[in-house]
Amino acid sequence: MDSKKIGAFIARNRKKKGLTQEQLGERLGVTNKTISRWENGNYMPDLSMLEPLSRELGITLNELLAGEEIREEESAACAEQNLISAIDYSVKKIKNEHKKISVCIMIAGVLLCIFSFVTFEPESSWGEIFSILGCLLVTAGIFRELKMKHLLQKFLACACLFLLVLGVFMIADFAGVSEYQRPPIYRYATATYFTNGKIIEYRNLFYHVFRINADTPNEYYIIDTKKEYDINTVPISPFNREKSGIGQIIRYQSDYIGDNSNTGGLFNALPLSEYGFVYEIDSENCGVTIDYHTTDWYGNDDLYTEKAMIYNSVSAFALIGNLKYIRYNFSGSSYVITREKIEQNYPKYQQVVSGKNIDEEAFDRYVEQKMNDREFVGEVFKQFEKNER
């Protein structure tokens, strides 16, 4: 059917009847804008409107569908052609409506995915739920439009597409976990433990993530791609391993204390630096004094200050070859420790440091992991000389 031709025919017969668009619309129960769209050829009247429209215009249904006056002897032949055209038009309209619905479903799915990623924090399980629902909607919209003879083939094709899209999301999520140190959005289980601080474990189908010292300044993540750790074996430190672990601070290894920027960089990477500090190097006696901008009891839950001073001392003596003593000044007290006391009284120190060589695995085992042992920390801390300030 030629919508332009039919539209012009409707306008011409409306005018013959002396009707305005508004008057014709009132008789048919539609707006004058609808009549205008018909006459402009932008839209065709719905099938339910064809008979009432032809009656109001005083023309036959056959003439309305043809868009012109038909002589009586040509009526039968035109009727057959108009019927075929009407059927074709109806089929196309149904397909268009079907496609519009499919597109709307897919758009809704995409918007739902975007909404889930933008609105919810990674800690929330709602992001995972809504993104999966969004993927399902996109897949459902595509399923409606696939031209396959067998339903099973359509189902398998859409299932593969769903898994592909979800797989892309999971890869992007893993990249975000690795790059930005955050919980994974896609996970099937979350568990919280209070062993040596707050630890949250997130389980993904392909990897596990441990959030150590959760919700503290020393929070850090361990991404276990091999799924080799559990809560009893995962490396736990009271400090931020991403900042203070031996793998990070070993770059500050030096033979001499006199390298000012190197010494400052080392203590800036070690625990207690979060409180702010200034330091002074004693080149003559090969020592360093650290003045922290806090008291020795502030934030000292679970012996955090004692653990930090022990860890910092072992790290500094191991990394700086000629360092002989360290003085830690707080607003309330001052603590001094010497290399000699550490070398003679810190258990397994000789296995951690042998000359200029540092065994990183032994450091993790005998220094970092030992900071979780309160009794051990208490015994080692007795080597520090305390003075009131």
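Worth saying up front: this structure is predicted, and the values here are computed from it rather than measured.

1. Describing the overall build of the protein chain
Scanning the protein chain from N- to C-terminus turns up 16 helices and 11 strands. Here the protein chain has a C-alpha radius of gyration of 39 Å; the compact-globule value for 389 residues is 21 Å, and the former is much larger. With the principal axes as the frame, the protein chain shows a C-alpha extent of 120 × 45 × 35 Å. Residues counted as buried form 43% of the 389 residues belonging to the protein chain. Total accessible area computed for the protein chain in this model is approximately 21,300 Å², and 54% of it derives from carbon and sulfur atoms. If you average the places of the 44 positive and of the 52 negative side-chain charges in the protein chain, the two averages end up 8 Å apart.

2. Structural notes on the side chain of Glu56
Examined against the element boundaries, Glu56 turns out to sit in helix α4 (residues 47-57). A distance of 3.3 Å separates polar atoms of two side chains, one belonging to Glu56 and the other to Arg27. Look past the residues within four positions of Glu56 in its chain and what remains in contact with it is Lys17, Leu24, Arg27 and Leu28.

3. Considering the nonpolar core
Core analysis: the largest hydrophobic core is formed by 49 residues, its most contacted members being Ile249, Phe267, Ile310, Ile326, Tyr328 and Tyr346. For this core, the element with the most residues is helix α12 (residues 304-319), which contributes 10 residues. Aside from chain neighbours lying at most four places away, what touches Phe267 is Ser273, Phe277, Val288, Ile290, Tyr292, Ala316 and Ile326. Core analysis: the next-biggest nonpolar cluster, separate from the first, contains 16 residues, Ile6, Met49, Leu50 and Ile59 among them.

4. Comments concerning the pattern of salt bridges
Pairing between side chains of opposite charge can happen when their charged atoms approach one another. Across all of its chains, the model carries 18 salt bridges by this definition. Here Arg203 makes a salt bridge to Glu201, at a shortest N to O gap of 3.0 Å. The closest approach of N and O atoms between Asp255 and Lys356, which form a salt bridge, is 3.7 Å. Separated by 101 residues along the polypeptide, Asp255 in the loop between α10 (246-249) and α11 (260-269) and Lys356 in the loop between β9 (353-354) and β10 (357-358) bring together distant segments of the chain. Assessed through its relative accessible area of 37%, Asp255 is described here as partly exposed. Residues joined in a network through salt bridges with shared partners are Lys198, Arg211, Asp215 and Glu219.

5. With respect to the packing of aromatic side chains
Tallied over the full model, the rule gives 19 aromatic pairs. When the ring of Phe174 is compared with that of Tyr207, the centres are 4.9 Å apart and the planes differ by 65°; the resulting orientation is edge-to-face. Of this pair, Phe174 sits in helix α8 (residues 151-180) while Tyr207 sits in the loop between β2 (199-203) and β3 (208-212), and the two are 33 residues apart along the sequence. On the accessibility criterion, Phe174 (29% relative accessible area) is partly exposed.

6. Let's talk about unusual backbone geometry
Peptide bonds are trans in most cases, and residues, glycine excluded, mostly fall at negative phi. You will see that Asn213, though not glycine, has its phi angle at about 55°, which is positive. Positionally, Asn213 belongs in the loop between β3 and β4 (220-224). Looking at Asn213, the relative accessible area reads 6%, which means it is buried. Of note, Lys227 is a non-glycine position whose phi angle comes to about 55°, a positive value. Position of Lys227 among the secondary structure elements: in the loop between β4 and α9 (241-244). Residue classification places Lys227 among the partly exposed residues on the basis of a relative accessible area of 41%.

7. Here we look at the layout of surface pockets
Here the largest pocket defines a volume of roughly 430 Å³. For the largest pocket, the lining is made up of 18 residues, of which Thr216, Asn218, Pro238, Asp301 and Tyr304 are closest to its centre. Here the residues of the lining of the largest pocket are counted per class, giving 5 nonpolar, 8 polar and 5 charged.

8. Thoughts on the sheet that holds strand β1 (residues 189-193)
Reading across the sheet, the 4 strands line up as β1-β2-β3-β4 and stay open at both edges, with antiparallel pairing between neighbours. In this open sheet, the two edge strands, each paired with only one partner strand, are β1 and β4. Neighbour-to-neighbour, the strand axes of the sheet open up by a mean angle of 15°, direction not taken into account.

9. Some words on the environment of Ser48
Here Ser48 shows up in helix α4. The class of Ser48 is exposed, set by a relative accessible area of 59%. It is 65 Å that separates the C-alpha atoms of Ser48 and Tyr221, two residues lying 173 residues apart in sequence.

10. Considerations on a nonpolar patch on the surface
A contiguous nonpolar patch, built from Val103, Ile107, Val110, Leu111, Ile114, Phe117 and Val118 and spanning about 620 Å² of accessible area, is present on the exposed surface. Within the secondary structure layout, Val118 lies in helix α6 (residues 75-119).

11. Describing the state of the cysteines
A complete count under the given rule lists 0 disulfides for this structure. Of all cysteine sulfurs, the one in Cys113 lies closest to Cys135, which takes part in no disulfide; the gap is 4.3 Å. By relative accessible area, which is 3% here, Cys135 ends up buried. No disulfide involves Cys158; its sulfur sits 9.3 Å from the nearest other cysteine sulfur, which is in Cys160.

Conventions and cut-offs
- Residues numbered from 1 in each chain as written.
- Predicted model: local features only at pLDDT ≥ 70, side-chain atom pairs only at ≥ 80, totals over all residues.
- Heavy atoms only, no water.
- Helix = DSSP H or I, 4+ residues; strand = E, 2+ residues; numbered from the N terminus.
- Rg over C-alpha atoms; globule rule 2.2 N^0.38 Å.
- Buried < 20%, exposed > 50% of the residue type's maximum accessible area, 1.4 Å probe, protein only.
- Areas by Shrake-Rupley, 256 points an atom, 1.4 Å probe, with all protein chains shown as cover.
- Lys, Arg positive; Asp, Glu negative; His and termini not counted.
- Charge placed at Lys NZ, Arg CZ, Asp CG, Glu CD.
- Polar contact = N/O pair within 3.5 Å; in protein donor to acceptor, adjacent residues only side chain to side chain.
- Contact = heavy atoms within 4.5 Å.
- Core = buried A, V, L, I, M, F, W, Y, C linked by side-chain atoms within 4.5 Å.
- Salt bridge = Lys/Arg side-chain N within 4 Å of Asp/Glu carboxyl O.
- Phe/Tyr/Trp six-rings, centres within 6.5 Å; stacked < 30°, edge-to-face > 60°.
- 1 Å grid on protein atoms, 1.4 Å probe; cavity = no way out; pocket = protein on both sides within 12 Å on 5 of 7 lines; lining within 4 Å.
- Points joined across faces, edges and corners; volume = space filled by probe spheres on them.
- Nonpolar A, V, L, I, M, F, W, Y, C, P; charged D, E, K, R; others polar.
- Pairing = 2+ DSSP bridges.
- Axes fitted to C-alpha atoms, helices over the stretch in contact; angles between N-to-C directions.
- Patch = residues over 30% accessible without salt bridge, like charges linked within 9 Å, V, L, I, M, F, W, Y side chains within 5 Å.
- Disulfide = S-S within 2.5 Å.

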